[in-house]
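The primary structure of each chain is shown beneath.
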Amino acid sequence: MKNRQLIPYWTNTSSNDIIKLILKRSTTVKEKIERLLKDETIEVIIDQETVIMGIEQNEDNIWGLLVGTGYLKIVETINLVESRYGVKIVNHEIKTLFQGIVREWFQDKVMGNDLNSILKDLVTLNLEEFEKKFEILVKEMFSYMDVGESTAENFYHAFVLGILVGLKDSYYVNSNRESGFGRYDIMLEPKDKKANSFIIEFKVLENKKEKTMEETIANAKKQIEEKKYEANLKERGYTNITKMVFAFKGKEVKMEVI
């Protein structure tokens, strides 16, 4: 009332530690939470006699708990004998709560892989180490993300762009701007012109056109060279330019430097 704002303060009046614990330990629960956040109905088994003790050891128990405590609602009875139901998030307040928990989990994962170390490997051209750490991060994160075929390239682009924002103190991070005869995906322009600069291109394997990741990489390299994406950097006096290609297929990634 004091701030004249309608905010669900009640969601912070109790601990959500059990939900966080399940999220951290179960891959399939994470995947289902992602679907719930997209306002989908998911099919789960609900045990009406859920026991809190040891709940993290059996993921089926979490759904009975979330329904019983009002986080989820039953919208469909699929098989009464097997206690199988369709459930959804109750309302916008709970959706916001889940989004916060997933965001915390995401930050924990990124920090666990030492984001600063990954970025340092990139800008110092320690690219073998960078690729190893980046692959680990992708495998841990993308298994819980629903990447639609029509938006996959944008998804990967946004993911990498979010990581590179950590370089904002020493680099200008540019995205989808014109250079040469086209638009590059990402350009890292160092504030110190003697430092390493980068052109980064993303490609998702297109099954109709490409059979292997190597073909995808070859097409991306050809695009960078033919469209001369490095033109703007050269015009402004940058000489240490590294051109990189990332090819994606689901949570599989391959990187190559031109």
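Here's a quick rundown of the structure. (Residues numbered from 1 in each chain as written. Predicted model: local features only at pLDDT ≥ 70, side-chain atom pairs only at ≥ 80, totals over all residues. Heavy atoms only, no water.)

**Focus: the overall build of the chain**
Secondary structure summary: the chain contains 9 helices and 10 strands in total. Counting the 258 residues in the chain, one finds 40% classified as buried. The contacts of the chain with a sequence gap of at least 6 include a subset with a gap of at least 24, amounting to 58%. (Helix = DSSP H or I, 4+ residues; strand = E, 2+ residues; numbered from the N terminus. Buried < 20%, exposed > 50% of the residue type's maximum accessible area, 1.4 Å probe, protein only. Contact = heavy atoms within 4.5 Å.)

**Some remarks on the nonpolar core**
Formed by 27 residues in total, the largest nonpolar core has its most connected members in Leu122, Phe134, Leu164, Leu188, Ile200, Met244 and Phe246. Among the secondary structure elements, those contributing two or more residues to this core are helix H5 (115-123), helix H6 (127-142), helix H7 (152-164), strand S7 (186-190), strand S8 (197-204), strand S9 (241-249) and strand S10 (252-257). Among all residues touching Phe134, those that are not within four sequence positions of it are Phe159, Val160, Ile163, Phe246, Phe248 and Val253. Counting residues in each nonpolar core, the second largest holds 20 residues, with Ile33, Val44, Trp63 and Tyr85 among its members. (Core = buried A, V, L, I, M, F, W, Y, C linked by side-chain atoms within 4.5 Å.)

**Topic: helix H3 (residues 60-68)**
Taken residue by residue, H3 has Asn61, Ile62, Trp63, Gly64, Leu65 and Leu66 as its buried positions. Directly after H3, the chain includes Gly70, whose backbone phi takes a positive value near 90 degrees.

**Regarding the sheet that holds strand S2 (residues 72-79)**
An order of S1-S3-S2 is seen for the 3 strands of this open sheet, with the pairing classed as antiparallel. Of all strands in the sheet, those with a lone pairing partner are strand S1 (42-45) and S2, marking the two edges. Neighbour-to-neighbour, the strand axes of the sheet open up by a mean angle of 40 degrees, direction not taken into account. Pairing geometry for S2 and strand S3 (residues 84-89), over 6 bridges, is antiparallel. From the neighbouring strand, Lys73 faces S3, where its bridge partner is Lys88. (Pairing = 2+ DSSP bridges. Axes fitted to C-alpha atoms, helices over the stretch in contact; angles between N-to-C directions.)

**Regarding the pattern of salt bridges**
Counted according to the given criterion, the structure contains 11 salt bridges. Between Lys234 and Glu230 there is a salt bridge; the shortest N-O distance is 3.6 Å. Relative accessible area serves as the criterion here: at 53%, Lys234 is assigned to the exposed category. Ionic contacts of the salt-bridge type, sharing partners, join the residues Glu225, Glu230, Lys234 and Lys243 into one network. (Salt bridge = Lys/Arg side-chain N within 4 Å of Asp/Glu carboxyl O.)

**As for the sheet that holds S10**
If you trace the 5 strands from one edge of the open sheet to the other, you get S4-S7-S8-S9-S10, paired in mixed fashion. The open sheet is flanked by strand S4 (171-175) and S10, the only strands paired with a single partner. Across the sheet, the mean angle separating the axes of adjacent strands is 20 degrees when strand polarity is ignored. Sheet topology note: the S8/S9 ladder contains 8 bridges and is parallel. When the bridges of S9 are listed, Ile199 appears paired with Lys243. Its contacts with the sheet put helix H8 (residues 213-227) on S8, S9 and S10, and the angle it makes with S9 is roughly 145 degrees.

**With respect to the side chain of Asn196**
On the secondary structure map, Asn196 appears in the loop between S7 and S8. A polar atom in the side chain of Asn196 sits 2.9 Å from the backbone oxygen of Val123. Not counting residues up to four positions away in its chain, the partners in contact with Asn196 are Val123, Thr124, Leu125, Tyr171, Pro190 and Asn240. (Polar contact = N/O pair within 3.5 Å; in protein donor to acceptor, adjacent residues only side chain to side chain.)

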